[in-house]
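# What the coordinates show
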Amino acid sequence: MRGVEGIERELARMRLRSDGLYDLRASVLNLLVVADEGLAGEVSEVISRLSGNHPSRSIILITDSGAPESRLDVQISTMCNVPGPEGRHVCSEQITLHIEGEPARHPESFADPLLLPDLPAVMWCPGEISLDAPGFRRLAGMADRLILDSATAGDCGRAMRKMAGFVDEPGMPHLGDLQWTALLPWRSFIAALFDPPERAPALRELRRVRIEHRPGGLCRALLLAGWLASALGLHPESRKRSGDAREYDLSGGVRLELEQLGSDAAPPRVLIESAGASFEVSVGRLRIREGSSVTERAVRLEAPGTGDLLGEELTFFGRDGAYEAALKVAAEL
Amino acid sequence: MPETFENTLRADERLPRMPPPAAMVIFGASGDLTARKLVPALYDLADRRLLPPEFAVVGISRTRMSHDEFRSRMRESVGEFRSGKVRDDVWGSFARGLYYLPLDSRDPAAYDELRRFLAKLDREHHTGGNRVFYMATAPTLFPVIVERLEAAGMNEGEGGGFARVVVEKPFGRDLASARELNQKITHHFREDQVYRIDHYLGKETVQNILALRFSNALFEPVWNGRFVDHVQITVAESLGVGERGAFYEEAGALRDIVQNHMMQLLCLTAMEPPVSFDAESVREEKVKVLRAVRRISEEEVNALAVRGQYASGWVWDREVPGYRSEPKVAGDSPTETFAALKLFVDNWRWAGVPFYVRTGKRLAKGATEIAIQFRPAPHTPFAGDATGGLEPNVLVIRVQPDEGISFKIGSKVPGSRFRVRSVNMDLPYGAAFLEERPDAYERLLLDLMLGDATLFIRADEAERSWEILEPVMRVWEREEPEFPNYAAGTWGPEAADELIRRDGRRWRRP
Ligand SMILES: NC(=O)c1ccc[n+]([C@@H]2O[C@H](COP(=O)([O-])OP(=O)(O)OC[C@H]3O[C@@H](n4cnc5c(N)ncnc54)[C@H](OP(=O)(O)O)[C@@H]3O)[C@@H](O)[C@H]2O)c1
């Protein structure tokens, strides 16, 4: 397709109805997605489901800079939802660019002219990316927020360290991580457990925190540990590793244990133990022992899907202080 | 118990607003409001993970039931009165904290039993001495309940916890009874412990009026009498009274809609920007509007107020009966189903700008809107015949259905001649988000547990609203109405048109 004007004209034409009026375009943000061919299908599906609650212009860049020949292929579509009894159409736009060869090394020259003015730009990278690649940095510099998924990284510890460094770099967007977003129900639930004042001692006299995670869940577990430690003002003093188990001595005499479960079937679990009480939270159950009394009940902490996680991230703007603090501790673990 | 404890895990701005642990006592637990609104809203909060893990509900009414019978009754209501499936796991953990005590709210001994029960919940559910007392029962019982609560020492939370009372509408039926009720309640609880609930303010669409006005610098400079010719506020229903005849006979349009919903819309439209969005700042500005509303003398009532009652007529494809033929309505009922008023807000901003407000049942369609009619442009440089179809600007805030704004602006007609005419620009901003909005009760229950009274009615707000309407009610009581005076499916009585036509204006068609 012809350049930027051609794309804009075509998008407007797609909103033109048979009665000569235009369907409305509603947008609250620009969503810039960088992915490779393998993820293209999933990305498109997630975005079309998001359009109802986060009407936006999505610009999806599928790049392959290793391809021998230069090629640009443009696909555009509008998604019109029909809310309310009167069935008015509200449309979101999706522009997908397949870029191969030399041009794929400077994706920013495609993204810049397509971004809608006056609206924030959120960049989402569903796959593993290299934060150091120059093309990536120029692109990221255009965004207000960058959303990654640390679980796609081959080496979680390394990813945490890179991301912790990125957070402080001037000129770079605020960072978000879907693994952190997935912890939101856990953080909210665990924080609320310690709202009753009579449980204050349990936090002050913390002895042990144990996190059991699924094989792919190390990043999430590190962030959860980072969150608890940073919120309670603790930091790692020594570490030990044997196989899939990690053990740390935190300041204040607290022991932290991370252990990988044998399979995906077992539910992730967090154990928080003090002298007088213990709190055991897993995906489906809560077990509290306080003195000699034990209570158990059902809770609901299953992780939402990628679409919901991304949707949650899109409602947040600015700097996520609690995340950055957790990330910094996680990077030291 | 340690008095200063800060849960540092909470220092995370992205965590949802979750209230502290608490026990909610519902007086009137076997009643309609509990089944249709309160428990379903609490369940939805639990489902959204917005209720604290340590939370309990104690239902009270005279009907004999065990805890389990109450639970299964509530489970049925939750299935019936909200859309969407009830999740077993969510219900299970919510119902764990659901209790019922068969007690008579008039019986002093009942309150000792309640107090003991709440102490037990503090131990077993860690509800921390925090209590919310919800009056979902006949208004005549409110004074008795607050008095007994104080007598039993429950007007303060236990061990430093909080105690709040929630009072349902109606807040009296005239100024005297509203004052009396407020005095009785505040004799036993401080005003800052009292939450008067008008679910209208819990609606997202109503709150959006504030967002539109105070987050857009564009509107505020022209939001005054220098630019605005007049304001029209309409709350129109196409429905009749249906099954609520008995209730409506006692109320009428003035009490049912004007005193609360209409006055709230007037306040939100006319108020000054509050310094902050906290309860005192917002409510203070609203009360200032009510204080500025010009007093109507009894002599002026017939010139400034119109009432109506529907006769039979056609609404859409159905012929519907007149009000006096509705079930549980007197054959010669003098109750008004329509009211229109011309009000003035005598302050610097609004001096001389009339606010025409109207509400009615069985009107041509259901619509709630606020229309700001601007003055004509002071001078048009175009030749007289060039501006034939041009009318002054109108900004309409549509509250329902299809929440949004529309704006009428002048625009050039394409062609070689210079001709301008009015074009309606429609922006259904509500439609930009398909996200399901929380029910009004959900929002308000959460706010009240969090101790945020911004969206609740302050005593003086309720009283001042009654005071404005007092002369109208007196004259209408005294004088025999000529009812019915409008056909169902029309826009109300002829006299309402006359009320505004006299000023050289006319009602908009919403
Ligand atoms: N329903 C609504 O949609 C709605 C909307 C807005 C405002 N409101 C207001 O909410 C309040 C309740 O309305 P409602 O429709 O739920 O009324 P309702 O169905 O008549 O319920 C009244 C409740 O009060 C209980 N009760 C009456 N006398 C009692 C006593 N001496 N001791 C203990 N309990 C007693 C009744 O139970 P027992 O007979 O078992 O004792 C029943 O549970 C009213 O103020 C109403 O104006 C209701």
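Conventions used here
- Residues numbered from 1 in each chain as written.
- Chains lettered and ligands numbered in written order.
- Predicted model: local features only at pLDDT ≥ 70, side-chain atom pairs only at ≥ 80, totals over all residues.
- Heavy atoms only, no water.
- Helix = DSSP H or I, 4+ residues; strand = E, 2+ residues; numbered from the N terminus.
- Rg over C-alpha atoms; globule rule 2.2 N^0.38 Å.
- Buried < 20%, exposed > 50% of the residue type's maximum accessible area, 1.4 Å probe, protein only.
- Areas by Shrake-Rupley, 256 points an atom, 1.4 Å probe, with all protein chains shown as cover.
- Lys, Arg positive; Asp, Glu negative; His and termini not counted.
- Charge placed at Lys NZ, Arg CZ, Asp CG, Glu CD.
- Contact = heavy atoms within 4.5 Å.
- Phe/Tyr/Trp six-rings, centres within 6.5 Å; stacked < 30°, edge-to-face > 60°.
- Lys NZ or Arg CZ within 6 Å of the ring centre and 35° of its normal.
- Disulfide = S-S within 2.5 Å.
- Patch = residues over 30% accessible without salt bridge, like charges linked within 9 Å, V, L, I, M, F, W, Y side chains within 5 Å.
- Salt bridge = Lys/Arg side-chain N within 4 Å of Asp/Glu carboxyl O.
- Domains from an automatic or database assignment.
- Pairing = 2+ DSSP bridges.
- Right-handed = clockwise from strand over helix to strand, strands pointing away.
- Near = heavy atom within 4 Å.
- Polar contact = N/O pair within 3.5 Å; in protein donor to acceptor, adjacent residues only side chain to side chain.
- Core = buried A, V, L, I, M, F, W, Y, C linked by side-chain atoms within 4.5 Å.
- Axes fitted to C-alpha atoms, helices over the stretch in contact; angles between N-to-C directions.
- Parallel < 35°, antiparallel > 145°, perpendicular 65-115°, else oblique.
- Left-handed = near helix turned anticlockwise from the far one by under 90°.
- Nonpolar A, V, L, I, M, F, W, Y, C, P; charged D, E, K, R; others polar.

Before going further, it helps to spend a moment on the overall build of chain B. Looking only at helices and strands, one finds 14 helices and 18 strands in chain B. Rg of the C-alpha trace for chain B: 25 Å, near the compact-globule value of 24 Å for 510 residues, within the 12% margin. Each of the three principal axes of chain B carries a C-alpha extent, and together these read 80 × 55 × 45 Å. Classification of the 510 residues of chain B by burial places 55% in the buried group. Just so you have it, chain B exposes about 22,200 Å², and 51% of that area is on carbon and sulfur atoms. Of the charged side chains in chain B, 70 are positive and 77 negative; the average position of the first set lies 4 Å away from that of the second.

All right, on to the overall build of chain A then. Within chain A one finds 11 helices and 16 strands. When burial is assessed residue by residue, chain A has 53% of its 333 residues classed as buried. Long-range pairs, those at least 24 residues apart, make up 69% of the contacts in chain A between residues at least 6 apart in sequence.

So, on to the packing of aromatic side chains. Counting across every chain of the model gives 16 aromatic pairs over all chains. Taken together, a centroid distance of 4.8 Å and an interplanar angle of 65° make the contact between F194 of chain A and F279 of chain A edge-to-face. With F194 of chain A in the loop between helix 7 (184-193) and helix 8 (200-204) and F279 of chain A in strand 14 (residues 277-282), the pair connects residues that are 85 residues apart, well separated along the chain. Taken individually, F194 of chain A and F279 of chain A each receive the classification buried, so the pair is uniform in this respect. When the centroid spacing of 6.4 Å and the interplanar angle of 65° are considered together, the rings of Y310 of chain B and Y486 of chain B count as edge-to-face. Residue Y310 of chain B is found in strand 9 (residues 310-311), and its partner Y486 of chain B is found in strand 18 (residues 486-487); the two are separated by 176 residues along the sequence. Given a relative accessible area of 3%, Y486 of chain B falls into the buried group. Following the ring pairs from residue to residue traces out a cluster consisting of Y248, Y310, Y323, F338 and Y486 of chain B. The ring of W180 of chain A has R187 of chain A lying over it, and the distance from NZ or CZ to the ring centre is 3.7 Å.

With that settled, the discussion passes to the state of the cysteines. Note: disulfide means a covalent bond formed between the sulfur atoms of two cysteine side chains. Residues and elements named next belong to chain A. Considering all chains together, one arrives at 1 disulfide over all chains under this definition. Covalent S-S linkage joins C156 and C219, the inter-sulfur distance amounting to 1.7 Å. Residue C156 is located in helix 5 (residues 156-167), and its partner C219 is located in helix 9 (residues 218-231); the two are separated by 63 residues in the primary sequence. Take C219: its relative accessible area is 4%, and that puts it in the buried class.

Where nonpolar side chains cluster on the molecular surface, the patch consists of F407, V423 and M425 of chain B and spans about 230 Å² of accessible area. Overall, F407 of chain B belongs to the partly exposed group, its relative accessible area being 32%.

Right, let's get into the domain arrangement of chain B. Per the domain assignment, the segments making up chain B are domain 1 (23-168) and domain 2 (201-376 + 458-502). A straight line from the C-alpha centre of domain 1 of chain B to that of domain 2 of chain B covers 35 Å.

Now for the pairing of strand 8 (residues 174-177) of chain A. Residues and elements named next belong to chain A. Here strand 7 (residues 145-148) pairs with strand 8 via 4 bridges, running parallel. Paired with I147 across the two strands is G176, which belongs to strand 8. Considered for its hand, the β-α-β crossover made up of strand 7, helix 5 and strand 8 is right-handed.

All right, on to helix 10 (residues 306-314) of chain A then. Residues of helix 10 of chain A that are buried: G307, L309, L310, G311, E313 and L314 of chain A. Where helix 10 of chain A is buried, its residues contact strand 2 (29-35), helix 2 (40-50), strand 6 (121-124), strand 7, strand 8 and helix 6 (178-182) of chain A.

The buried fraction of helix 7 of chain A amounts to 10 of the 10 residues, a majority that puts the element mostly inside the structure. When we look at burial in helix 7 of chain A, the residues that qualify are L184, P185, W186, R187, S188, F189, I190, A191, A192 and L193 of chain A.

We now examine the site of the ligand. Residues and elements named next belong to chain B. With respect to spatial proximity, 21 residues lie near the ligand, and among them D32, L33, R36, R62 and T63 are the closest. Between the ligand and G28, the relevant distance is 3.3 Å, taken from an oxygen atom to a main-chain nitrogen or oxygen of the residue. Within the backbone of S105, a nitrogen or oxygen atom sits 2.8 Å from a nitrogen atom of the ligand. If the ligand stood free it would expose 890 Å²; the protein chains cover 73% of that surface.

Another point: the nonpolar core. Grouped together as the largest cluster of nonpolar side chains are 150 residues, with contacts concentrated most on L42, L114, F133 and L343 of chain B. No other element matches the 11 residues that helix 9 (residues 253-270) of chain B contributes to this core. When residues are assigned to domains, this core turns out to be shared by domain 1 (23-168) and domain 2 (201-376 + 458-502) of chain B, each giving three or more. When residues no more than four places from it in sequence are discounted, the contact partners of F133 of chain B are V25, F27, L114, L118, L149, M154, A163, R164, V165, V166 and F189 of chain B. With 84 residues, the next largest nonpolar core counts C125, L184, F194 and I272 of chain A among its residues.

Attention now goes to the packing of helix 5 (residues 142-151) of chain B against helix 6 (residues 175-188) of chain B. All names here are of chain B. The interhelical angle for the contact between helix 5 and helix 6, taken along N-to-C directions, is 10°, at an axis separation of 8 Å. Between helix 5 and helix 6, the angle is such that the two are roughly parallel. Helix-helix and strand crossings are classified by hand; for helix 5 and helix 6 the assignment is left-handed. Each of F142, P143, V146, E147 and E150 in helix 5 lies in contact with helix 6, whose residues at this interface are L181, K184, I185, H187 and H188. Tallied by class, the residues present in the contact of helix 5 with helix 6 amount to 5 nonpolar, 2 polar and 3 charged.

This part takes up the sheet that holds strand 13 (residues 354-360) of chain B. The strands that make up a sheet are held in pairs by hydrogen bonds between backbone atoms, and each pair lies either parallel or antiparallel. All names here are of chain B. One open sheet holds the 8 strands; their spatial order is 8-12-13-7-14-15-16-17, and the pairing between them is mixed. Only two strands of the sheet have a single partner each, and these edge strands are strand 8 (305-308) and strand 17 (420-427). Strand-to-strand twist across the sheet, computed as the mean angle between neighbouring axes with direction ignored, equals 15°. With 6 bridges connecting them, strand 14 (residues 367-374) and strand 15 (residues 394-400) associate as antiparallel partners. Following the sheet pairing, T368 is matched in strand 15 by Q400.

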